[in-house]
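Reading the structure
The residues making up each chain are set out below.
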Amino acid sequence: MAEPLDARQQAMWRAYIDSSWALQTRLEDELRAATGLSMPDYHVLVVLSESPGQRLRMGELAGRMVFSPSRVTYQIAQMVKRGLVRKQSCPDDGRGQEAVLTADGLAALEKAAPLHLATVRDSFVDDLDDHEIATLTAVFSRLGPRLRPATPLLTQGKR
């Protein structure tokens with residue numbers, strides 16, 4: 001059984017959970033109200049826009065999104081219906097599928113990005129000083145790889 005959190009750890013954990021849920025909710029609500037995009041939509045568009053050829057194999061996209069294969073398949077299917085992405089066979093392996101950013105998807109991202117950035121700044125970044133930004137970057141850069149399903153804890157020296 002895990003050791004209980006002490007009062008300081010418990011206060012940190014609750015502050016993190018409460019604030020992160022509130023932040024995610026605000027980001028989702030404001031993005032959807034302004035653009036019709038969900039946060040997963042936006043994240044897919046960003047990841048594809050930054051990928052070579054604005055395309056990725058479905059499995060790689062699932063890994064980048066930290067989605068299960070079925071969840072990324074559903075997400076992409078919904079975005080295909082709206083013309084934001086298309087799904088096509090991989091050119092070098094006809095068995096695999098790629099998600100490809102469409103012109104409409106890129107236009108939606110370009111419209112949404114400044115609005116999303118304003119919410120990110122107003123709700124989070126602009127309230128942090130340089131030391132807090134450096135600390136959060138260090139903490140989440142260290143924890144991020146451990147939290148991804150493709151990186152088992154045992155490979156990180158944890159049991």
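None of the values given here were measured: they were computed from a predicted structure.

About the cut-offs
The residue numbering used here restarts from 1 in each chain and proceeds along that chain's sequence as written. This being a predicted model, a pLDDT of at least 70 is required before a residue's local features are given, and a value of 80 or more before pairs of side-chain atoms are given or counted; all residues contribute to the totals for chains, interfaces and linings. The side-chain numbers reported here are obtained from all heavy atoms of the structure, hydrogens and water having been left aside. To define a nonpolar core, start from buried Ala, Val, Leu, Ile, Met, Phe, Trp, Tyr and Cys residues and group those joined through side-chain atoms within 4.5 Å. Accessible area is worked out with a 1.4 Å probe on protein chains only. A residue is then buried under 20% of its type maximum, exposed over 50%, and partly exposed in between. Secondary structure elements are taken from DSSP: a helix is a run of H or I of four residues or more, a strand is a run of E of two residues or more, and numbering for both begins at the N terminus. Note on definitions: a residue-residue contact is assigned when non-hydrogen atoms from the two residues lie within 4.5 Å. By definition, no residue in a patch forms a salt bridge, and every one has over 30% relative accessible area; like charges are joined within 9 Å, nonpolar side chains (Val, Leu, Ile, Met, Phe, Trp, Tyr) within 5 Å. The Shrake-Rupley method, run with a 1.4 Å probe sphere, supplies the accessible areas, and residue values consider only the shown protein chains as cover. One speaks of a salt bridge when a side-chain nitrogen belonging to Lys or Arg is within 4 Å of a carboxyl oxygen belonging to Asp or Glu. Note: two strands are recorded as paired if DSSP finds a minimum of 2 bridges between them. Inter-axis angles, ranging from 0 to 180 degrees, are taken between N-to-C directions of lines fitted to C-alpha atoms, where helices are fitted over the stretch in contact.

Things to note about the nonpolar core
- Of all hydrophobic cores here, the largest spans 26 residues; its most connected members are Leu37, Val44, Leu45, Leu61 and Ile76.
- Elements with a minimum of two residues in this core: helix H1 (7-35), helix H2 (39-49), helix H3 (58-65), helix H4 (69-81), strand S3 (93-101) and helix H5 (103-123).
- Per-element accounting of this core gives the leading share, 7 residues, to H2.
- Sequence-distant contacts of isoleucine 76, defined by excluding residues within four places in its chain, comprise Val44, Met58, Leu61, Val85, Lys87 and Ala99.

Thoughts on a nonpolar patch on the surface
- Judged by side-chain polarity, Leu5, Met12, Trp13, Tyr16 and Phe140 come together as a nonpolar surface patch covering roughly 520 Å² of accessible area.
- Examining the composition of the nonpolar patch, we find that 3 residues originate from one element, H1, more than from any other.
- Summarising the element assignment, leucine 5 is placed in the segment before H1.
- A relative accessible area of 44% places leucine 5 in the partly exposed class.

Observations regarding the pairing of strand S2 (residues 85-90)
- Note that S2 and S3 share 6 bridges and pair antiparallel. Within S3, the residue paired with serine 89 across the bridge is glutamine 97.
- Here S2 folds back onto S3, and the loop between the two strands holds 2 residues.

Quick word on the sheet that holds S3
- The strand order across the open sheet formed by 3 strands is S1-S3-S2, and the pairing between neighbours is antiparallel. Edge positions in the sheet fall to strand S1 (55-57) and S2, since each of these pairs with one other strand and no more. The average angle at which neighbouring strand axes cross in this sheet is 30 degrees, direction not considered.
- The pairing of S1 with S3 spans 3 bridges and is antiparallel. Pairing of arginine 57 across the sheet is with glutamate 98, part of S3.
- Against the sheet, H3 contacts S1, S2 and S3, and its axis sits at roughly 95 degrees relative to S1.
- On the sheet, H4 packs against S2 and S3 and is oriented at approximately 120 degrees with respect to S2.

Structural notes on the pattern of salt bridges
- Counting across every chain of the model gives 4 salt bridges.
- Between arginine 82 and aspartate 41 there is a salt bridge whose closest N-O contact spans 2.6 Å. Of this pair, arginine 82 sits in the loop between H4 and S2 while aspartate 41 sits in helix H2, and the two are 41 residues apart along the sequence.
- Note on arginine 82: relative accessible area 42%, which makes it partly exposed.
- A salt bridge links aspartate 126 to arginine 121; its shortest N-O distance comes to 3.1 Å.
- According to the relative accessible area criterion, arginine 121 is partly exposed, its value standing at 40%.

These results come straight from atomic positions and should not be treated as a statement about function.
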